[in-house]
Each structure stands twice: as C-alpha cells, then as structure tokens.
Amino acid sequence: QVQLVESGGGLVQAGGSLRLSCAASGRTASTYAMAWFRQVLGKEREFAAGISSGGTTSYAASVKGRFTISRDNAKNTVLLQMNSLKPEDTAVYYCAARPVFLTTSQGTYDYWGQGTQVTVSS
C-alpha cells in the first residue's frame, strides 16, 4: 500500500514558477514509478510528467522544456518544478504511483493523491 500527499499548488502569474511535491509513504515507495497527471474540470485527466523507479523521465509535449520531474528516494518524495507557466497549465494536479515501470496511461496507476490546484493567471 502506498499513500500519496501532494503540496505546493497555488496561484501564479503567467511566466512564473511553482514547485509541486508528492510525499509517498510505504517501505517500497522507492520501487514505484511516479507521475503527475492534471485535469481541467470537464476534461479527461492527462499525463504531464513521470519518472520510473530507475530515474527515467517522460514528459508530455505540452510541458517539455518547462517542467522538470525529479525524485529523492531517501525522502520518498517526487518533485515537479514548473517554469514558464501558462494559463493553459491551470488544472488540478495529481500525483500517481505504479510498480517500477513508467507509463502515460492513468488507468495503469494503482495509487493517487488527493490533488492540488494550480492556477495561472494571464
């Protein structure tokens, strides 16, 4: 069992930065692939960035070059550094976990956090 708690969301102006944090509980959390998905009300949840248990990363085309995902296995924490934010990045951001291998499909993730709101004003 893995529990995920996100933090770091908020309101920022376009062009600004935010850093999201996801704290994972459980002795085997370091063996899980971790990802950030985001969802706008009325739309499907979409993959934003992810990192495998071995450190391989993947990004959606819409955030590549602006977002950076990293993990600290000693602290069971995954970070999402978001730079050059745009109004279209406004969404609820969810942290998710699945064993070992990274995928971009939300249906393959076993554990989810409660979500944190990110709002980018123009």
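For the structure given in this document, a descriptive report is provided here.

Rules of the game
Residues numbered from 1 in each chain as written. Predicted model: local features only at pLDDT ≥ 70, side-chain atom pairs only at ≥ 80, totals over all residues. Heavy atoms only, no water. Helix = DSSP H or I, 4+ residues; strand = E, 2+ residues; numbered from the N terminus. Rg over C-alpha atoms; globule rule 2.2 N^0.38 Å. Contact = heavy atoms within 4.5 Å. Areas by Shrake-Rupley, 256 points an atom, 1.4 Å probe, with all protein chains shown as cover. Lys, Arg positive; Asp, Glu negative; His and termini not counted. Charge placed at Lys NZ, Arg CZ, Asp CG, Glu CD. Salt bridge = Lys/Arg side-chain N within 4 Å of Asp/Glu carboxyl O. Buried < 20%, exposed > 50% of the residue type's maximum accessible area, 1.4 Å probe, protein only. Pairing = 2+ DSSP bridges. Axes fitted to C-alpha atoms, helices over the stretch in contact; angles between N-to-C directions. Core = buried A, V, L, I, M, F, W, Y, C linked by side-chain atoms within 4.5 Å. 1 Å grid on protein atoms, 1.4 Å probe; cavity = no way out; pocket = protein on both sides within 12 Å on 5 of 7 lines; lining within 4 Å. Points joined across faces, edges and corners; volume = space filled by probe spheres on them. Nonpolar A, V, L, I, M, F, W, Y, C, P; charged D, E, K, R; others polar.

Attention shifts here to the overall build of the protein chain. Counting secondary structure elements, the protein chain contains zero helices and 11 strands. Moving toward the C terminus, one meets the helices and strands of the protein chain in the order β-β-β-β-β-β-β-β-β-β-β. Since a compact globule built from 122 residues should have a radius of gyration of about 14 Å, the 13 Å found for the protein chain is in line with a globular shape. Each principal axis of the C-alpha atoms in the protein chain carries an extent, and together these give about 40 × 30 × 25 Å. Partitioning the intrachain contacts of the protein chain with sequence separation of at least 6 by distance along the chain shows that 58% fall at a separation of at least 24. A total of about 6200 Å² of accessible surface is found on the protein chain, and carbon and sulfur atoms cover 49% of it. For the protein chain, the separation between the mean place of its 11 positive charges and that of its 7 negative charges on side chains is 5 Å.

To continue, consider the pattern of salt bridges. Pairs may arise between side chains of opposite charge once their charged atoms sit close together. Applying the stated criterion across every chain, the model contains three salt bridges. For Asp89, the salt bridge is made with Arg38, and the minimal N-O distance between the two is 2.9 Å. Residue Asp89 is found in the loop between β8 (77-82) and β9 (91-99), and its partner Arg38 is found in strand β4 (residues 32-39); the two are separated by 51 residues along the sequence. Each member of the pair, Asp89 as well as Arg38, is classed as buried. Put simply, Arg38, Glu46, Arg66 and Asp89 are held in one network by salt bridges that share partners.

Of the residues examined, Asp89 reaches a relative accessible area of 1% and is grouped as buried. Apart from residues lying up to four places away in sequence, Asp89 is in contact with Arg38, Arg66, Phe67, Ser84, Val118 and Val120.

Strand order in the open sheet made by the four strands is β1-β3-β8-β7, with antiparallel pairing throughout. Here the strands that pair on one side only, and so sit at the sheet edges, are β1 (3-7) and β7 (67-72). The average angle at which neighbouring strand axes cross in this sheet is 15°, direction not considered. Two elements, strand β3 (residues 18-25) and β8, share six bridges in a ladder whose sense is antiparallel. Bridge pairing links Ala23 to Thr77 in β8.

Before going further, it helps to spend a moment on the nonpolar core. If you look at the biggest cluster of nonpolar residues, it comprises 28 residues, and the most contacted ones within it are Leu4, Met34, Trp36, Leu80, Met82 and Tyr93. Going through the elements one at a time, β3, β4, β5 (46-51), β7, β8, β9 and β11 (116-121) are the ones with two or more residues in this core. Other than its neighbours up to four places away in sequence, Met82 contacts Gly16, Ser17, Leu18, Leu20, Arg66, Phe67, Tyr93 and Val118. Of all hydrophobic cores here, the second largest spans five residues; its members include Phe37, Phe47, Ala96 and Tyr109.

Attention now goes to empty space enclosed by the protein. Applying the stated criterion across every chain yields a total of one cavity of 30 Å³ or more. In this model, the largest cavity occupies a volume close to 40 Å³. Ala24, Ala29, Met34, Arg71, Asp72, Asn73, Asn76, Thr77 and Val78 are the residues that line the largest cavity. Counting only elements with at least two residues in the lining of the largest cavity, the list comes to β7 and β8. Looking at the lining of the largest cavity residue by residue, the classes come out as four nonpolar, three polar and two charged.

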